[in-house]
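Spelled out from the first residue to the last, the chains are:
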Amino acid sequence: MLTDSYKEIAAFYDEFVGVDQYEHYVRKKNWLIVALAVFGYKKEDGAFLDLGCGTGINCVYLAEDGYTVTGVDISESMLEVAREKSRAKGLDIAFIQQDIAELSLSRNFACIFSRETLTHLLEREQLVRVFRHCWDHLQPGGLLLFEICTAFALKLQCIKESLSFKKFIWAHAGRFQESDSSALIDYTFTFHDGRKVVTSVAFKAHTPEELSGMLRETGFRDVRLFDTAINPEIVNGGMTNRVQLRPVLPTVKAIQGGMRGILCGARKP
Ligand SMILES: C[S@@+](CC[C@H](N)C(=O)[O-])C[C@H]1O[C@@H](n2cnc3c(N)ncnc32)[C@H](O)[C@@H]1O
């Protein structure tokens, strides 16, 4: 069993990712909505599975919108928050505790999606295993859709920085290893009453070429990658988000330096 690096922060994860603003942005034009539209996916196509659903931000949004959703996460603490939110909203979402590298569910899905989770798989073989499990859990014609951060984004997170939130100060600093594009990042949350929560999270980045190679190797087709330049802007006290999806072109090496996220979609024929 892998370590649950989210255990200590599950209780305030939503605050930390700014869920109010986030939900607002999710409801506008988030990566998932844009991506589903790009791939032509609708709720009528069948059930959706969220890999590494965390506190269920995306699951709740989709279920509220009438999608049939299952969420899987390794962290029981994150799932508890997700279940509570789902209960409070009267939604019917199955939240299941599993390691996605060992994914085994008793049903198939029209779409499997994952946001900011696959970067926690630290070996190439683990990621390939997840892609194989996705293949096994997708209906023919099903869509795999995920967002994963780049080496550039990890390097930024490794730079020592602190940010002030309503209830705590969030600080991060880490070590990036060029040889395998991995990073170990320490996060410290210092609450205004003096309480400190410290956690270390390990990440690994992959290039667009590596990702599309692994997906094709697994059998996926119609593999498309996009540069997710999500530029939140505060306008008149509210948040608007311009979500731009730029196809990752052969010139990707030239632009990769500034690319923070890769949105990847692939279809099981
Ligand atoms: C950054 S959070 C993202 C949560 C959610 N997808 C979101 O968009 O808010 C990453 C999540 O991946 C989960 N995770 C990491 N490794 C996992 C694994 N091997 N199997 C299942 N979940 C995993 C963590 O517990 C955490 O909830």
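Residues numbered from 1 in each chain as written. Predicted model: local features only at pLDDT ≥ 70, side-chain atom pairs only at ≥ 80, totals over all residues.

Enquirer: Break down the overall build of the chain for me, citing the residues and quoting the values.
Expert: Scanning the chain for helices and strands turns up nine helices and twelve strands. Across the 269 residues that make up the chain, the buried fraction comes to 36%. Residue pairs at least 24 apart in sequence account for 67% of intrachain contacts in the chain once pairs closer than 6 positions are excluded. (Helix = DSSP H or I, 4+ residues; strand = E, 2+ residues; numbered from the N terminus. Buried ≥ 20, exposed ≤ 12 C-beta atoms within 10 Å, placed from the backbone. Contact = placed C-beta atoms within 7 Å.)

Enquirer: Would you mind going over the site of the ligand in detail, with residue names and values included?
Expert: Around the ligand there are 18 residues in total, and Gly-52, Gly-54, Ile-74, Ser-75 and Thr-117 lie nearest to it. Classifying every residue of the shell around the ligand by side-chain character gives eight nonpolar, six polar and four charged. (Near = placed C-beta within 6 Å. Nonpolar A, V, L, I, M, F, W, Y, C, P; charged D, E, K, R; others polar.)

Enquirer: Which residues make up the sheet that holds strand E9 (residues 196-204), and what are the values?
Expert: The sheet built from four strands is open, its strands ordered E6-E7-E8-E9 with antiparallel pairing. The sheet is open, and its two edges are formed by strand E6 (161-164) and E9, each paired on a single side. The sheet shows a mean angle of 20 degrees between the axes of neighbouring strands, taken without regard to direction. Here strand E7 (residues 168-177) runs beside strand E8 (residues 182-191); their pairing, made up of ten bridges, is antiparallel. Counterpart to Arg-175 in the pairing with E8 is Leu-184. Contacts from helix H7 (residues 151-158) reach E7, E8 and E9, with the element oriented near 125 degrees to E7. (Pairing = 2+ DSSP bridges. Axes fitted to C-alpha atoms, helices over the stretch in contact; angles between N-to-C directions.)

Enquirer: Report on the confidence of the model for the chain, specifying residues and quantitative values.
Expert: Looking at the chain, the pLDDT average stands at 84 and 81% of residues meet or exceed 70. For the stretch residues 24-29, pLDDT sits under 50, and the model shows 13 contacts to residues farther than four places along the chain or on other chains. Note that pLDDT drops below 50 for residues 249-256; the model gives that stretch three contacts with residues more than four away or on any other chain. (pLDDT = per-residue confidence, 0-100.)

Enquirer: Describe the pairing of E6, naming the residues involved and giving the relevant values.
Expert: Sheet analysis places E6 next to E7, joined by four bridges and oriented antiparallel. Each residue of the ladder has a partner; that of Leu-163, found in E7, is Trp-170. What sits between the antiparallel neighbours E6 and E7 is a turn of three residues.

Enquirer: Can you explain the nonpolar core? Please cite residues and give values.
Expert: Counting residues in hydrophobic clusters, the biggest one holds 61 residues, and the most contacted among them are Phe-48, Cys-59, Cys-111, Ile-112, Leu-144 and Cys-264. In terms of residue count, strand E5 (residues 138-149) provides more of this core than any other element does, seven residues in total. Mapping this core onto the domain boundaries places at least three of its residues in each of domain 1 (7-148 + 205-267) and domain 2 (153-201). Setting aside residues no more than four positions away along its own chain, Phe-48 makes contact with Leu-62, Tyr-67, Thr-68, Val-69, Phe-109, Ala-110, Cys-111 and Phe-113. (Core = buried A, V, L, I, M, F, W, Y, C linked by C-beta atoms within 7 Å. Domains from an automatic or database assignment.)

Enquirer: Can you lay out the pairing of E8 for me, pointing to particular residues and giving the numbers?
Expert: What sits between the antiparallel neighbours E7 and E8 is a turn of four residues, in which Ser-181 has the positive phi angle 50 degrees. With nine bridges connecting them, E8 and E9 associate as antiparallel partners. By the bridge assignment, Thr-188 is partnered in E9 with Val-198. Counting the residues between successive antiparallel strands, the hairpin from E8 to E9 contains four residues, one of them, Gly-194, with a positive phi of roughly 100 degrees.

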